[in-house]
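# Reading the structure
As a plain string of letters, each chain reads:
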Amino acid sequence: MDMTAIKSTPKLGWTVRRRLVVVALAALGWAVGWAGVGDGVVNTGGISGFGRFWAAVFNPELGGEFVRLTIEATAVTLSFAVLGTALTLLIGVIGAVAVSELVAGNGVAWRLSRFVLAVPRSIHEILWAVLLVQVFGFDPLVAVLAIGVPFGAVAAKVFAETIDAADHAPYRALRASGAPALSAFFYGLLPNVRGELVSYSFYRFECSIRSAAVLGVIGAGGLGFQLDLSFETLRYHEIWTLIAALMILSGVADWWSSTVRRTTSRRVSRTSTVVALALIPLSWFWVKLDVSTLWSSRTRRLGADLVSDIFPPRLGPDGWGELIEASIDTVAMSIIAVVFAAGGGLLLGAIAARRTGNVGRSGFAAADLGISPGHGLEFEPEPAQPASSGPKSSVAAGLGRLVVRLVLLLARAVPAPIWAFLMVLILFPGLWPGAVALGIYNLGVLGRLYSEVIEERQAGPTDAVVLVGAGRVQSFFYAVVPTAGPRLISLTLYRWEVIVRETVVVGVVGAGGLGQLINEHLAARDFAAVVGAIGALIVISLSIDVISARLRREFV
Amino acid sequence: MTAVHLNGVGVRYGSADALVGVDLKIASGECVALVGSSGAGKSTMLGVIAGLISPTEGAVEVLGHDLAGLGGRRLREHRRRVAMVSQQLDLVLSLMTIHNVNAGYLGQWSSARALASLIHPRGRAEAAAALTQVGLEDRIFSRTDNLSGGERQRVAVARVLRQGPDLVLADEPTSSVDPRLSDEVMGLLCRPPTDKPWTSIVSVHDPDLARKHAGRIIGLRHGRVALDTSSGDVSDEDLAKLYQDGS
């Protein structure tokens, strides 16, 4: 071709994608710079302990006594999650009615209730727990309330949005024929959104399991608590038994939740609902939940004490400087963690995803289908053959997927504070252990979400590039990522919002940021300063929500 | 007796007139077909009579009540006597047929009773009677989304029968079904298979359907009543004028 015919190369301006990459890199660069790099990061002295931890993988503690303890602890964690979810749904349904535009209109009361629900959402479960422990002591109620209150606020928002997005014509028609609002709601609206509500409820249950494990670490009991004990006494063999139990519990919950969310069979969702409901009384009995504690005189006294300790919230002994520095630490930690989680999650999530599409699925290339350059256009892709063709490659691929899925499950089943304990062995205290711990944990969460998005995307574009002879990696970047891209970006930005709140989880075990500051004030029983720092965290969380929403509008 | 009385009714949306100076009396027991091109004001007029749209001027009297002065409990009681059928039918497809039929009767039930009925259906005999009248007695426990389009249309009519209203307002109930079924639905709305006759006002696109079933035809054009005559007297030219462009 005569290149001189082209006067100049067309210029590509600042496309959305380019700007996104620049923004992400700039944020990461700043965060890494703030956290510090160089000799002061990796602690070579702890590598042997780190090695011993991983060496114990194949040698978990399987003594009868410890296995029984593990099973009991698993039941406790499950019970917290079940009861926490039950409370979540109770608050969610009542709250949804209060904040749904359809039911509540959009007057002053509606605005106020939206705001009231935004606050519990911004406070992480673990902070609810440390405050509630002051009132109830180490009572199962703490775990149930700590999960149910913030999750309930989230569920209320989601349920309200679901209700507002549903078709309102049947509801209005019933109202027009004189039906009371509640009857019209049950007949005209609820049946239409029931599927979505059930599916979201199971997603919440899945989150509650992980949350219940984290709450254990700060003393609520169950698997997290046992993990913490074994870690402090360096019994790595026990740790792996407990981790296995967490992985099974979390894996079953994840599987159940995604089965219910994807099913179109009413029997599956009905059976699941019945089983879930049956778990509530069993859990109640197992942890001996006593709701009368809620209004006992001791509760009232301690509650009043706490309230008078808290108000008015104030700065800690070191004033604004300390608070601002911890706030910046928190933001930097969250950025490192989300980039780590997104990068790793994309890589592992892509491998974990089942192949979709007609061409790629059973691993045979275009040539196997007998396409030669001569009759390219007449070719119509055959429907996928079941695994019979190319069994060798699909067994290997299946095994690879299984291993990656287990790695993702391990990453999200182990509570972030436990990852932080582990990271403290090889990284000097500072922002890095916390950021990496949050990164690992969220890598597990995001990897799974990404793989679902990748599986559910349209298959056409991938087929097209595979048919022109693109390899695995090429087709991933040219077809999979662009097709699923907007969903992936918006999931990542939502996750960033969650991670900002989660920084307190690793902070409470001493890994930097506002969480660590809160932990120090707690140790000094300076509750007014605790609430002051929580206030700073709420401000940061809400600001990040705004930034994330802007980025979503811009890039998705 | 007068079922509906519109007196100088006008409706403005911003700067657009949807209805202008409409004076109209409809007697009890009449079946009125509302015809006119899209945007002529048919849906607005039905909305005004149903009390869903407040007129910007004029007075609306329905079943002896001045709608402007009606509120709270009395409004609810009034609404029980008025049934609406829209083009989309407003059925909840994930519910069993019986619940969609009973939905017509919710105005008479307490919320608790309504909720209980979703679990253990009440009013089975009444719902079955209504469904028998539209020939769907064997589908009482089928989920509504398993029914064909025509069957759903008849469920919507059964819901009206269950409600037992004095006035039925139907907004293009026949626009999404085949001619044979349109004929059937129009017949049911104009000549209810019940011993308690009702007044019905039905907007339709097809003038032939209007002529065949309704006793009276009201034509709207640019928000004004352009034609009001008994269906026997309406001529093809009258109808053609109604659908002409320009003013």
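Residues numbered from 1 in each chain as written. Chains lettered and ligands numbered in written order. Predicted model: local features only at pLDDT ≥ 70, side-chain atom pairs only at ≥ 80, totals over all residues. Heavy atoms only, no water.

## Focus: the overall build of chain B
- The secondary structure content of chain B amounts to 9 helices and 10 strands.
- The C-alpha radius of gyration of chain B comes to 18 Å, within 12% of the 18 Å expected for a compact globule of 247 residues.
- By residue count, 52% of the 247 residues in chain B fall in the buried class.
- For chain B, restricting intrachain contacts to residue pairs at least 6 apart in sequence, the fraction spanning at least 24 positions comes to 67%.
- Where the 27 positive side-chain charges of chain B centre and where its 28 negative ones centre are 8 Å apart. (Helix = DSSP H or I, 4+ residues; strand = E, 2+ residues; numbered from the N terminus. Rg over C-alpha atoms; globule rule 2.2 N^0.38 Å. Buried < 20%, exposed > 50% of the residue type's maximum accessible area, 1.4 Å probe, protein only. Contact = heavy atoms within 4.5 Å. Lys, Arg positive; Asp, Glu negative; His and termini not counted. Charge placed at Lys NZ, Arg CZ, Asp CG, Glu CD.)

## Points about the side chain of Glu172 of chain B
- Along the polypeptide, Glu172 of chain B turns up in the loop between strand S7 (167-171) and helix H7 (179-190).
- Residue class for Glu172 of chain B comes out buried when judged on its relative accessible area of 12%.

## Here's the deal with the packing of helix H6 (residues 125-136) of chain A against helix H9 (residues 181-220) of chain A
Residues and elements named next belong to chain A.
- Put simply, H6 and H9 touch, their axes get as near as 10 Å, and they point 40° apart. Considered as vectors, H6 and H9 are oriented oblique to each other. Where H6 crosses over H9, the handedness of that crossing is right-handed. When H6 is examined against H9, the residues Glu125, Ile126, Ala129 and Val130 are found in contact with a partner set consisting of Ser211, Val214, Leu215 and Ile218.
- By residue class, the composition of the contact of H6 with H9 is 6 nonpolar, 1 polar and 1 charged. (Axes fitted to C-alpha atoms, helices over the stretch in contact; angles between N-to-C directions. Parallel < 35°, antiparallel > 145°, perpendicular 65-115°, else oblique. Left-handed = near helix turned anticlockwise from the far one by under 90°. Nonpolar A, V, L, I, M, F, W, Y, C, P; charged D, E, K, R; others polar.)

## Let's talk about the environment of Val160 of chain B
- With respect to the element layout, Val160 of chain B can be found in helix H6 (residues 149-163).
- Considering only alpha carbons, one finds Val160 of chain B and Leu131 of chain B, 29 residues apart in sequence, at a separation of 11 Å.

## Some details on the interface of chain B and chain A
- With 24 residues of chain B at the contact, the number on the chain A side is 20 residues.
- Carbon and sulfur atoms supply 61% of the area buried between chain B and chain A, which totals about 1,900 Å² over both sides.
- On the chain B side of the interface with chain A, the three residues burying the most area are Asp90, Leu106 and Ser111 of chain B, jointly 26% of the side's total.
- Our enumeration of links across chain B and chain A arrives at 0 salt bridges.
- Taken together, the elements giving at least two residues each to the side of chain B that touches chain A come down to helix H2 (72-80) and helix H4 (111-119) of chain B. (Buried area = accessible area lost by both parts, 1.4 Å probe. Salt bridge = Lys/Arg side-chain N within 4 Å of Asp/Glu carboxyl O.)

## Some words on the pairing of strand S8 (residues 199-203) of chain B
All names here are of chain B.
- Within S8, 5 of the 5 residues are buried, leaving the element largely enclosed by the surrounding structure.
- Neither face of S8 is open: one carries Thr199, Ile201 and Ser203, the other Ser200 and Val202, and all of them are buried.
- Looking at chain direction, strand S3 (residues 31-35) and S8 are connected through 4 bridges and run parallel. Looking across to S8, one finds that Cys31 is bridged to Ser200.
- Sheet topology places S7 next to S8; 5 bridges connect them, and they run parallel. Residue pairing in the sheet places Leu167 in a bridge with Thr199 of S8. (Pairing = 2+ DSSP bridges.)

## Notes on the sheet that holds strand S10 (residues 224-230) of chain B
Residue and element names in this part refer to chain B.
- A sheet is described by the order of its strands in space; here 6 strands give the open sequence S6-S7-S8-S3-S9-S10, paired in mixed fashion. Looking at strand neighbours, the two that pair on one side only are strand S6 (82-85) and S10, the edges of this open sheet. Along the sheet, successive strands turn relative to each other by an average axial angle of 15°, direction set aside.
- Bridging between S3 and strand S9 (residues 216-221) involves 4 bridges; their strand directions are parallel. The residue bridging Val32 from the neighbouring strand is Arg216, located in S9.
- Strands S3, S6, S7, S8 and S9 of the sheet are contacted by helix H1 (residues 42-50), whose axis makes an angle of about 150° with S7.

## Side note on H4 of chain B
- Buried residues of H4 of chain B: Ser111, Ala114 and Ser117 of chain B, and no others. End-on, the buried residues of H4 of chain B take up no more than an arc of 125°, which puts them together on one face. H4 of chain B presents Ala112 and Ile119 of chain B as exposed residues on the side facing more than 90 degrees away from its buried surface.
- Its buried side turned inward, H4 of chain B meets H9 of chain A together with helix H3 (97-102) of chain B. (Arc of directions from axis to C-beta.)

## With respect to the sheet that holds strand S4 (residues 57-62) of chain B
Residues and elements named next belong to chain B.
- If you trace the 4 strands from one edge of the open sheet to the other, you get S2-S1-S4-S5, paired in antiparallel fashion. The two strands at the open ends of the sheet, each matched to only one other strand, are strand S2 (16-27) and strand S5 (65-66).
- Across the sheet, H1 is in contact with strand S1 (2-13), S2 and S4; its angle to S1 comes to roughly 120°.

## Section: the confidence of the model for chain A
Residues and elements named next belong to chain A.
- In this model, chain A carries an average pLDDT of 80, and 86% of its residues clear a pLDDT of 70 or more.
- When mean pLDDT is compared element by element in chain A, helix H3 (residues 64-99) scores highest at 91, while helix H18 (residues 460-467) scores lowest at 69.
- Between residues 357-392, whose pLDDT stays under 50, and residues either more than four places distant or in other chains, the model counts 31 contacts. (pLDDT = per-residue confidence, 0-100.)

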